Amino acid sequence: MSEREPIGEVIESSTRQFVVEVYEEAESPAFGSWIRVEGDGDRTLFGLVSHVETGSYDSNREAVALGLSPEERAEEMPMVQELLRTTVRAQVLACRDREGRIRQTLPPHPPDIHDFVHLCTDEHVRTLDAPFDFLRTLVEHPDPAVPVDDLLVAVLRRIYEANGGEHGGREALVAAGRALSRLLDDDHERLQSILRRVL
Amino acid sequence: MLDLSQLRAQLDDFQKFEATVRDRRAEQRTRATDALRACAEHWPEVQAAVEEAQPRRLVAALQESPDRTVRAPDRPTPITVVATDGSQIYPDRHVDPTFFLLNVSRVGFQYGTQEDPVLESVPRLRFEDDLSEHIDEVLGSMTTELVSALRDEMELEHLLAVAQEAQVEGRPLVALADGTLIRWMIRGMNNEAVEEALIARYTEHLRSFQQAGLPIASYVSMPATTEVVNLLRFVLAELDAAVPENIGVSPEGPSLNGLLDRHVFDGVLAPGHRSATFGSTSHIQRSYPEGTEVCYFYLKVPSSTGAGEMARVELPRWVVDEPSLVDRIHATVLRECQKGDGYPLALSEAHERAVIRASEREAFFRLMERRLRRAGLSPTDSRKRRSKQAPRV
């Protein structure tokens with residue numbers, strides 16, 4: 001699927017976070033990856049995927065064990081796939097204003113319900129760069145339901161990959177690591193634990 | 001508020017009564033099974049005698065030996081199974097003008113393939129202007145009956161449509177409806193023109209199935225019918241109709257009064273097996289076009305928890321005349337029940353799609369009210385309805 005195709009739509013929205021229902025045919029965005037919402041005009045919001053969930057569409061119907069292979073399930077219980085959906089929750093950490101400037105801060109307005117959501121390309125991730133102010137929002141106001149250090153691991157890994165991985169990613173990773181170190185009040189043990197898990 | 005402590009003594013009485021009924025049922029069952037076997041030996045004579053005597057009760061028409069039991073063949077695969085179900089918001093007499101809402105689901109599964117299923121529902125708002133002549137006349141007096149009849153009609157109409165859409169060349173198909181195909185409930189609206197119109201439209205859809213060669217069956221869960229029992233009561237001389245000597249049977253035991261067909265077949269059928277097919281002699285059948293008269297068989301539905309349930313499967317005459325179609329329907333319904341843990345999967349999906357949840361119902365009324373208010377009309381909501389929904393302290 002090309003990055004131009006939306007992966008889903010906003011179904012819950014606030015300036016702090018939004019929830020996306022992922023289209024059945026689309027690949028679900030990974031935990032710790034960036035997604036963006038192109039709103040009206042030139043406004044773009046960047047959200048960090050902090051929670052991914054798959055479950056039943058219908059709150060009255062629970063998924064139960066069926067004891068069937070995926071093929072048998074598709075052939076004999078065709079409604080099951082239709083009843084499942086994946087939703088992702090993203091923390092809003094940056095936005096692009098009408099002048100095209102990327103601001104690592106919360107947007108003036110939340111995304112609209114049903115706005116299309118796209119995956120961010122490596123190029124988008126690279127623009128969310130030093131001084132990495134979004135990391136401050138992430139560390140100091142984390143989503144209480146998400147283990148923030150694991151999310152930081154995923155974020156740093158994504159920065160590394162978007163900057164070329166083995167071929168040049170280390171420099172950006174070190175810059176982000178420095179920013180994080182300051183935020184963690186030189187809690188070296190915690191920082192080490194995060195960095196150990198990045199590579 | 002229900003005061004459970006006051007119910008204790010009454011529950012004791014009920015328990016005793018239940019035990020008595022259970023004992024009587026067991027004796028009745030034994031007698032009924034004996035009568036069924038005896039009757040089977042010369043069933044053509046029995047059928048001729050019933051036709052001759054014309055008992056007043058509804059008696060099953062025999063078309064083969066009544067004690068026949070059939071094991072289900074394997075269900076063909078791939079196969080198309082379509083189903084519909086419906087629900088409604090009945091008219092509220094506190095609201096003027098009268099309107100009601102019908103919601104019918106459309107389910108189409110291509111079993112044995114990985115093709116996308118059809119899973120959708122179609123709502124239809126109906127009000128006086130939209131109902132054809134005569135029918136609006138009974139809306140005030142026979143509200144629930146009329147709304148139910150129109151819902152059943154819409155279910156059948158959509159079942160036909162989804163069958164035609166989902167049909168794949170060279171692939172067998174079964175269309176499943178929920179509840180009986182016999183429109184006996186239409187009688188009693190005290191308006192013959194309306195009754196005739198409703199029956200004509202319903203049977204017209206049934207005829208379209210026949211013309212298109214689309215086998216349809218309906219599934220009746222826990223049927224309360226007594227047509228086969230009435231047949232046995234006839235040969236046991238329990239009905240006030242003369243029984244020729246040569247066919248009378250006389251197993252000892254209590255009267256079969258109160259016994260249901262499903263009690264009899266529960267003892268006769270092995271899990272997954274079906275009974276012989278019988279013809280319905282319901283008077284309303286006379287209005288059914290040739291070939292669409294309703295026949296039925298009983299099916300013992302196995303369940304994973306052990307206690308199987310009896311179902312009645314109804315099918316038009318033209319389907320019964322084609323044994324391979326009866327086999328196909330038997331096998332399909334059985335497999336559906338196995339997958340749906342005792343109830344056909346396609347029908348339970350159809351039910352899920354058709355049902356209007358309380359929150360959706362609220363949303364519908366809010367939308368309607370907002371529309372009316374915006375148009376400068378008075379809100380449809382009466383104080384009474386509102387107070388029923390949200391009692392205050």
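These figures come from a predicted structure and were not determined experimentally.

## Structural notes on the interface of chain B and chain A
Taken together, the 17 residues of chain B in the interface contact 12 residues of chain A. A buried area of about 1200 Å², summed over both sides, lies between chain B and chain A, and 51% of it is on carbon and sulfur atoms. Where chain B meets chain A, there are 4 salt bridges. Salt-bridge contacts for E349 of chain B lead to R61 of chain A; the nearest nitrogen and oxygen are separated by 2.5 Å.

## Overview of the packing of aromatic side chains
Residue and element names in this part refer to chain B. Scanning the entire structure with this criterion turns up 11 aromatic pairs over all chains. With a centroid separation of 6.1 Å and 65 degrees between ring planes, the pair formed by F99 and F364 is classed as edge-to-face. On the criterion of sequence distance, the pair formed by F99 in strand β5 (residues 99-111) and F364 in helix α11 (residues 358-374) is long-range, its members being 265 residues apart. For F99, a relative accessible area of 9% gives the class buried. Under the relative-accessibility criterion, F364 is labelled buried at 16%. Here the aromatic cluster, defined as three or more aromatic residues joined through ring pairs, consists of F265, F278, Y296 and Y298. Of note, R183 hangs over the ring of Y202, and the distance from its end group to the ring centre comes to 4.2 Å. The cationic tip of K339 hangs over the ring face of Y111; the distance from NZ or CZ to the ring centre is 3.3 Å.

## Some words on the confidence of the model for chain B
Taken as a whole, chain B shows an average pLDDT of 90; of its residues, 94% reach a score of 70 or greater. Prediction confidence for the complex, expressed as pTM and ipTM, is 0.84 and 0.77 respectively.

The rules we used
- Residues numbered from 1 in each chain as written.
- Chains lettered and ligands numbered in written order.
- Predicted model: local features only at pLDDT ≥ 70, side-chain atom pairs only at ≥ 80, totals over all residues.
- Heavy atoms only, no water.
- Contact = heavy atoms within 4.5 Å.
- Buried area = accessible area lost by both parts, 1.4 Å probe.
- Salt bridge = Lys/Arg side-chain N within 4 Å of Asp/Glu carboxyl O.
- Phe/Tyr/Trp six-rings, centres within 6.5 Å; stacked < 30°, edge-to-face > 60°.
- Helix = DSSP H or I, 4+ residues; strand = E, 2+ residues; numbered from the N terminus.
- Buried < 20%, exposed > 50% of the residue type's maximum accessible area, 1.4 Å probe, protein only.
- Lys NZ or Arg CZ within 6 Å of the ring centre and 35° of its normal.
- pLDDT = per-residue confidence, 0-100.

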